[in-house]
Amino acid sequence: MAGGLVALLDDVAVLARAAAASIDDIGAGAAKAGAKAAGVVVDDAAVTPQYVRSLAAERELPIIKRIALGSLRNKFFIILPAMLLLSQFVPWLLTPILMLGGAYLCYEGAEKVWAKISHHDAHGAGEEEVQDETTLVSGAVRTDLILSAEIMVISLNEVINEAFWSRLAILAVVAVVITVMVYGVVALIVKMDDAGLRLSQRSGAVATFGRGLVRAMPVVLTVLTVVGTAAMLWVGGHILLLGTNELNLHFLYEAVHHVEVAAHDSTGALGGLVGWLVNTVASAILGLIVGALVVLVVLVTTLTLHRRKSKPAAATAAATTRTDGTIPAQPSRAAQRRDDPADRAPRG
């Protein structure tokens, strides 16, 4: 009896060690996968506060909570099942899909750069129109669907060689951790000025700190926007760089790798950092070039469609306008009936 109990306890210990090792593997995989999605995460944290800035202060946190729950639904009920099915049955599609996501990241980053240069807001931050909460949450959740899909595809690509259940567990952890992190940071950002205002009403160093928080709010949002833009260009360009290499288009990857190795070997103890910087800058430049091309295509397409729509309207206006610039009055119904040959025909 005692021997059986000892054997049972030994089996439990083995299972516990296996479970702990599995949890460690899942944690390591989640950390590795989440790190690659940093660019999208920063952009998500920079974009989301814009949805609640026109709301009353007491409604900001409830709306952020509703958006966060919508983000979890996006990840667990739409994105995660689709990604797992693709990785299980058609894994060769993941690289093209990942490259499409990378191209979209490059487009978003280049659009922000273009918006800054041309003094337009890429995300419509200049619009102060107040929407009802349901419409606002729906729009935010739709935007989150795109960003979350990019996060999950990037994360999946890092753990594609894991077993199915390990993949599922890692991606589930990534989904929860990133959602909590993003919307926790968003909640802190949108409440930073409120906390600063309350602290500023006190005295001494606390009041000074509170006023500093209020003044820091615009700076924090600006830094987040700049870092998010740079990270999107870097991550998007790096995805495209690796994707072209996996699709047997090696020239770009080999050129960047050659410069990276040369920089690493020529800088001694700083070689690792310098090599990483070379790869990062090259990826960001590639991302900016690709993103600028996509922005150009979008602008040309938009202008072309606008001109095609405006031509019929212009032709109609020209046909109904006299040479002196006046628009002829339409004949009355009675005059139209008098001019109708059927009305002039003899009757009876």
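If you're wondering where the values come from, they're calculated on a predicted model, not measured in any experiment.

Draft legend 1. Spotlight on the overall build of the protein. Broken down by element type, the protein carries 11 helices and zero strands. Burial statistics for the protein: of 348 residues in total, 33% are counted as buried. In the protein, of all internal contacts separated by at least 6 residues, the share reaching a separation of at least 24 is 77%. A total accessible area of about 21000 Å² is found for the protein, and carbon and sulfur atoms account for 68% of it.

Draft legend 2. Highlighting a nonpolar patch on the surface. Judged by side-chain polarity, L247, L249, F251 and L252 come together as a nonpolar surface patch covering roughly 380 Å² of accessible area. Mapped onto the elements of the fold, F251 is located in helix 8 (residues 251-266). With relative accessibility at 58%, the residue F251 sits in the exposed group.

Draft legend 3. Spotlight on the packing of helix 6 (residues 164-200) against helix 7 (residues 205-246). Running from N to C, helix 6 and helix 7 point in directions that differ by 160 degrees, and their axes come no closer than 6 Å. Comparing their axes, helix 7 and helix 6 come out roughly antiparallel. Every pair of crossing elements has a handedness; the one defined by helix 6 and helix 7 is left-handed. Contacts between helix 6 and helix 7 involve I189, V190, M192, D193, G196, L197, L199 and S200 from the former and V206, A207, F209, G210, R211, L213, V214, M217, V220, L221 and L224 from the latter. Split into classes, the residues belonging to the contact of helix 6 with helix 7 amount to 14 nonpolar, three polar and two charged.

Draft legend 4. The packing of aromatic side chains, seen in detail. Under the definition given, this model contains three aromatic pairs. For the ring pair Y104 and Y107, a centre distance of 6.1 Å and an interplane angle of 45 degrees mean the geometry is tilted. Residue Y104 and its partner Y107 are located together in helix 4 (residues 94-118), separated by three residues, close to a single helical turn. Since its relative accessible area comes to 28%, Y104 is described here as partly exposed.

Draft legend 5. Representation of the packing of helix 4 against helix 5 (residues 133-158). Contact geometry of helix 4 with helix 5 gives a least axis separation of 10 Å together with a crossing angle of 135 degrees. For the element pair helix 4 / helix 5, the angle class is oblique. Of the two possible hands of crossing, helix 4 and helix 5 adopt the one that is left-handed. Judged by residue contacts, L94, I97, L98, G101, Y104 and L105 of helix 4 engage I146, E150, V153, I154, L156 and N157 from helix 5. Looking at side-chain class alone, the contact of helix 4 with helix 5 contains nine nonpolar, two polar and one charged residues.

Draft legend 6. Summary view of the side chain of R167. Secondary-structure assignment places R167 in helix 6. Buried charged residue R167 carries no salt bridge. Nearest counter-charge: E162, at 7.6 Å. Looking at R167, its side chain comes within polar contact range of the side chain of S87, at 2.6 Å. Discounting residues that sit within four places of it in the chain, R167 has contacts with L84, S87, Q88, L156, V159, I160 and E162.

Draft legend 7. Looking closely at the pattern of salt bridges. Counted according to the given criterion, the structure contains one salt bridge. Put simply, K191 and E60 hold a salt bridge, and the shortest N to O gap is 3.4 Å. Of the two residues, K191 is situated in helix 6 and E60 in helix 3 (residues 57-89); the sequence distance between them amounts to 131 residues. Taking the relative accessible area as the measure of exposure, K191 reaches 22% and is therefore partly exposed.

Calculation criteria
Residues numbered from 1 in each chain as written. Predicted model: local features only at pLDDT ≥ 70, side-chain atom pairs only at ≥ 80, totals over all residues. Heavy atoms only, no water. Helix = DSSP H or I, 4+ residues; strand = E, 2+ residues; numbered from the N terminus. Buried < 20%, exposed > 50% of the residue type's maximum accessible area, 1.4 Å probe, protein only. Contact = heavy atoms within 4.5 Å. Areas by Shrake-Rupley, 256 points an atom, 1.4 Å probe, with all protein chains shown as cover. Patch = residues over 30% accessible without salt bridge, like charges linked within 9 Å, V, L, I, M, F, W, Y side chains within 5 Å. Salt bridge = Lys/Arg side-chain N within 4 Å of Asp/Glu carboxyl O. Axes fitted to C-alpha atoms, helices over the stretch in contact; angles between N-to-C directions. Parallel < 35°, antiparallel > 145°, perpendicular 65-115°, else oblique. Left-handed = near helix turned anticlockwise from the far one by under 90°. Nonpolar A, V, L, I, M, F, W, Y, C, P; charged D, E, K, R; others polar. Phe/Tyr/Trp six-rings, centres within 6.5 Å; stacked < 30°, edge-to-face > 60°. Lys, Arg positive; Asp, Glu negative; His and termini not counted. Polar contact = N/O pair within 3.5 Å; in protein donor to acceptor, adjacent residues only side chain to side chain.

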